[in-house]
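Below are the chains, spelled out letter by letter.
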Amino acid sequence: MSFVPGQPVTAVVQRIEIQKLRQGNNLILGFSIGGGIDQDPGQNPFSEDKTDKGIYVTRITSGGPADVAGLMMGDKIMQVNGWDMTMVTHDKARKRLTKKNEDVVRLLVTRKSLEEAVKHSMGGYPRP
Amino acid sequence: MDNESTYSGYSYKSSHSRSSRKHRERRDRHRSKSRDGTIRGDKSVIIQAPGEPLLDAESTRGDDRDDNWGETTTVVTGTSVDSISNEDLTRISKDLEDSSPLECRRYLSPALGAILGLISLITPLAFLALPQLLWRETLDPCGTPCEGLYISLAFKLLILLISTWALFLRPPRAALPRFFVFRCLLLALVFLFVASYWLFYGVRVLEPRETDYRGIVGYAASLVDALLFIQYLALVLLEVRHLQPAFCLKVVRTTDGISRFYNVGHLSIQRAAVWVLDQYYSDFPVYNPALLNLPKSILTKKMSAFKVYNLGDENNTNNSTGQSRAMIAAAARRRDNSHNEYYYEEAEVERRVRKRKARLVVAVEEAFTHIKRYQDENAATSSPKHPREVMDPREAAQAIFAPMARAMQKYLRATRQQSYHTMESIINHLQFCITHNMTPKAFLERYLIVGPTLQYLDNSKGRQWTLVSEEPVTASLRQGQVFCLRRLDFSLVVTVTPLPFLRLGEEFIDPKSHKFVMKLQSETSV
């Protein structure tokens, strides 16, 4: 998941749609995020490349909306509702996820196992 | 030995210089200038200090002494107005017994300087005294203004005297091969000044018997002012100008590659050479020729494996070059193991030295515990019971030298220093250390660390060096110049590089701008 500056980032992503759960006055999604361009990337336990300043999922409350939707710990969030999350500050990411007037967030997430799965599926068929 | 016969004329000269050195130092005002030393083999011009035998403590006393130094010492210097041509050299060398021309030349410049100085100091007084002596009656009476001028004249003369003593009346430290340009300039200037003042005085005052005494006193005062300014000029040219660093000199000793870097100011080559030699004696570790060579067993192994047979009667020269080339090529193709042997031999030598050093340190520590300082208060209590023998430092040193002598000798031999330390010198040093309450470690410092050359020198004799340079030695230092200072068995190669021009910029940092934040890794739950 490392990137070359100036080149477009390519990744295999999975679309995950999470319905926000209303708890009292708040809409919660049931996971925690870490990372951001204003944070220290070296302390991210989930990233392969320790200079990656993207937003990662660090914790998922079991049984919560994210868990139900299929989000996994260690996923890197690439887009939220169409907004890019690869180059945002931590606070901006939080704001994009917790907009009060949205009930649903559609995330594009990527993880290593997705890449492997694609490779396996493509490698199984020898090209003519 | 044939060495002695060649040096006999020189020793005759050296006794001369030693007796007359005292006279020279008393009225010496300037360093002596260009003069030629005795010549060996008609080929060399040498920087020479008085009273020095040619084989001295600095060169090795071992077997690898270069006895042919006379034929190999050459100096290549540029020509200057005062250079002596080759014919003069041979002519002078032929009158080796008659050394008076060289003696006169040596004392010429200090004598000149002293005479000039004396004349210039007496001149103002003469200016004042002569009218009083010769035509006192016709002089205009001159009251208070003259007395004021007298006082100022007296103090200025006193200051002139003191600063002359401080600046110029010092024994010379070196004898340079060519004229010291600035000093000659100043002498010429002083001479011109004084001469022109006397001329004016003679024509305008003595002849018409001038009666305006105040004018004469003012004239004398102006001469003293001018002399003070010339002295200021001398101070700047001789002492101050070369203080600001402008060049970096790299000095490398040819025999063992020890190098140092020094910063100097604008100097001529000969002055820079003297300065470098001053630093050499206190910075460079002493030259020990015994430490230099690879053991012969390693070096000669390469060539000894091949025997070359000469077949036929071809040209000898062709054959020899072909021979050596073949040998070199064959030796290069062979697997070269001599570095291996060198490495192991080095390790072995180091181990041996360390072992002997350990033994020496232990022996010295133990020896020092045998004596202690005698306290007078204990005398009353201890003397009735067991009278201890009271020794002076020399006897104490001799008493404790015996147990450490063998360890010391073995260590010195392992580090090849045995020629620098005689038993006498070791006992002297021991006595010195005991007197000053030094610990064994302080005593051993002299033997464990190789000291600068100055430590092993006895100062009674001067040191002779030859300055070898491709440019005239009175030229200023410039970038890229190289000159050599040669001694009997080694030389110092000096390279000149200018110091870089420094462009210093400025950046202001507000003290309040030093702020820090912790590196974050926050986790937000959404």
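Residues numbered from 1 in each chain as written. Chains lettered and ligands numbered in written order. Predicted model: local features only at pLDDT ≥ 70, side-chain atom pairs only at ≥ 80, totals over all residues. Heavy atoms only, no water.

Going by what an unreviewed UniProt entry lists, chain B is known as Vang-like protein and is assigned to Acanthochromis polyacanthus. We quote the UniProt Sequence similarities (unreviewed entry) comment for chain B here in full: "Belongs to the Vang family." (UniProt positions renumbered as here; feature names shortened; annotations may be inferred.)

Looking up chain A in an unreviewed UniProt entry gives the name Tax1-binding protein 3, with the organism given as Acanthochromis polyacanthus.

**With respect to a positive patch on the surface**
All names here are of chain B. Together, Arg352, Lys355, Arg359, Arg406, Lys410, Arg413 and Arg416 make up a region of like positive charge exposed at the surface. Secondary-structure elements contributing two or more residues to the positive patch are α11 (338–368) and α13 (393–414). As for its placement among the helices and strands, Arg413 is situated in helix α13. (Patch = residues over 30% accessible without salt bridge, like charges linked within 9 Å, V, L, I, M, F, W, Y side chains within 5 Å. Areas by Shrake-Rupley, 256 points an atom, 1.4 Å probe, with all protein chains shown as cover. Salt bridge = Lys/Arg side-chain N within 4 Å of Asp/Glu carboxyl O. Lys, Arg positive; Asp, Glu negative; His and termini not counted. Charge placed at Lys NZ, Arg CZ, Asp CG, Glu CD. Helix = DSSP H or I, 4+ residues; strand = E, 2+ residues; numbered from the N terminus.)

**Observations regarding the sheet that holds strand β1 (residues 247–253) of chain B**
All names here are of chain B. A sheet is described by the order of its strands in space; here 5 strands give the open sequence β2-β1-β5-β4-β3, paired in antiparallel fashion. Across the chains shown, the open sheet's two edge strands, defined by having one partner strand only, are β2 (259–264) and β3 (466–469). On average, each strand axis in the sheet is inclined to that of its neighbour by 25 degrees, with strand direction left out of account. For strand β4 (residues 482–486) and strand β5 (residues 491–498), the ladder comprises 5 bridges, and the chain directions are antiparallel. Bridge pairing links Cys484 to Val493 in β5. (Pairing = 2+ DSSP bridges. Axes fitted to C-alpha atoms, helices over the stretch in contact; angles between N-to-C directions.)

**So, the state of the cysteines**
Residue and element names in this part refer to chain B. Tallied over the entire structure, the rule returns 1 disulfide over all chains. Through a disulfide, Cys142 is tied to Cys146; the S-S separation comes to 1.8 Å. On the sign convention where negative is left-handed, the bridge of Cys142 and Cys146, at about 115 degrees about the S-S bond, is right-handed. Residue classification places Cys142 among the partly exposed residues on the basis of a relative accessible area of 24%. Looking at Cys146, the relative accessible area reads 1%, which means it is buried. (Disulfide = S-S within 2.5 Å. Buried < 20%, exposed > 50% of the residue type's maximum accessible area, 1.4 Å probe, protein only.)

**What about the interface of chain B and chain A?**
Contacts between the two partners involve 8 residues from chain B, matched on the other side by 17 residues from chain A. Of the roughly 1,100 Å² buried between chain B and chain A on both sides combined, carbon and sulfur atoms contribute 47%. Connecting chain B to chain A are 1 salt bridge. For Arg59(A), the salt bridge goes to Glu523(B), with nearest N and O atoms at 3.4 Å. Connecting chain B to chain A are 8 residue pairs in polar contact (both at pLDDT 80 or more). (Contact = heavy atoms within 4.5 Å. Buried area = accessible area lost by both parts, 1.4 Å probe. Polar contact = N/O pair within 3.5 Å; in protein donor to acceptor, adjacent residues only side chain to side chain.)

**A short note on the nonpolar core**
Residue and element names in this part refer to chain B. Trp465, Leu477, Phe483, Leu485 and Leu492 are the most contacted members of the largest nonpolar core, which totals 27 residues. Taken together, the elements giving at least two residues each to this core come down to β1, β2, α8 (269–283), β4 and β5. Broken down by element, the residue count for this core peaks at 7 residues, all from α8. Sequence-distant contacts of Phe483, defined by excluding residues within four places in its chain, comprise Ile269, Ala272, Ala273, Leu467, Val468, Ser469, Leu477, Leu492, Val493, Val494 and Val496. Grouped together as the second largest cluster of nonpolar side chains are 24 residues, Ala363, Val364, Met408 and Tyr411 included. (Core = buried A, V, L, I, M, F, W, Y, C linked by side-chain atoms within 4.5 Å.)

**Some words on the packing of aromatic side chains**
All names here are of chain B. Counted by the stated rule, this structure contains 20 aromatic pairs over all chains. Centroid distance Phe127 to Tyr201: 4.2 Å. Interplanar angle 15 degrees. Geometry classified as stacked. Note that Phe127 is positioned in helix α4 (residues 100–134) and Tyr201 in helix α6 (residues 181–206), a separation of 74 residues in sequence. On the numbers, 5.9 Å between centres and 40 degrees between planes, the contact of Phe368 with Phe443 is tilted. Pair noted here: Phe368 is in helix α11 and Phe443 is in helix α15 (residues 440–448), with a separation of 75 residues, a long-range link. Side by side, Phe368 and Phe443 carry an identical accessibility label, which is buried. One aromatic cluster is present, built from ring pairs that chain together Phe127, Phe193, Tyr197, Trp198, Phe200, Tyr201 and Tyr219. Directly above the ring of Phe284 sits Arg260, whose terminal nitrogen or CZ lies 5.4 Å from the centroid. One residue, Arg487, lies across the ring of Trp465, its end atom 5.6 Å from the ring centre. (Phe/Tyr/Trp six-rings, centres within 6.5 Å; stacked < 30°, edge-to-face > 60°. Lys NZ or Arg CZ within 6 Å of the ring centre and 35° of its normal.)

**Some remarks on the packing of α13(B) against α15(B)**
Residues and elements named next belong to chain B. As a packed pair, α13 and α15 sit with axes 11 Å apart at the nearest point and diverge in direction by 30 degrees. By the criterion of interaxial angle, the relationship of α13 to α15 is roughly parallel. Residues Met404, Met408, Tyr411 and Leu412 of α13 touch α15, and the partners they reach there are Phe443, Tyr447 and Leu448. Residue classes in the contact of α13 with α15 are distributed as 7 nonpolar, no polar and no charged. (Parallel < 35°, antiparallel > 145°, perpendicular 65-115°, else oblique. Nonpolar A, V, L, I, M, F, W, Y, C, P; charged D, E, K, R; others polar.)

**Brief notes about a nonpolar patch on the surface**
On the surface, a nonpolar cluster with roughly 740 Å² of combined accessible area is contributed by Ile151(B), Phe155(B), Leu158(B), Leu161(B), Ile162(B), Trp165(B) and Leu169(B). Its place among the elements puts Leu169(B) in the loop between α5 (144–167) and α6.

**A short note on the pattern of salt bridges**
The full count for this structure, using the stated rule, is 14 salt bridges over all chains. For Lys112(A), the salt bridge identified is with Glu116(A), shortest N-O distance 3.4 Å. Here Lys112(A) pairs with Glu116(A), and both are found in helix α3 (residues 112–123), just 4 residues apart, close to one helical turn. You can call Lys112(A) partly exposed: its relative accessible area is 42%. Classification of Glu116(A) as partly exposed rests on a relative accessible area of 37%. The partner of Arg478(B) in a salt bridge is Glu471(B), and the shortest N-O contact between them spans 3.4 Å. Under the relative-accessibility criterion, Arg478(B) is labelled partly exposed at 46%.

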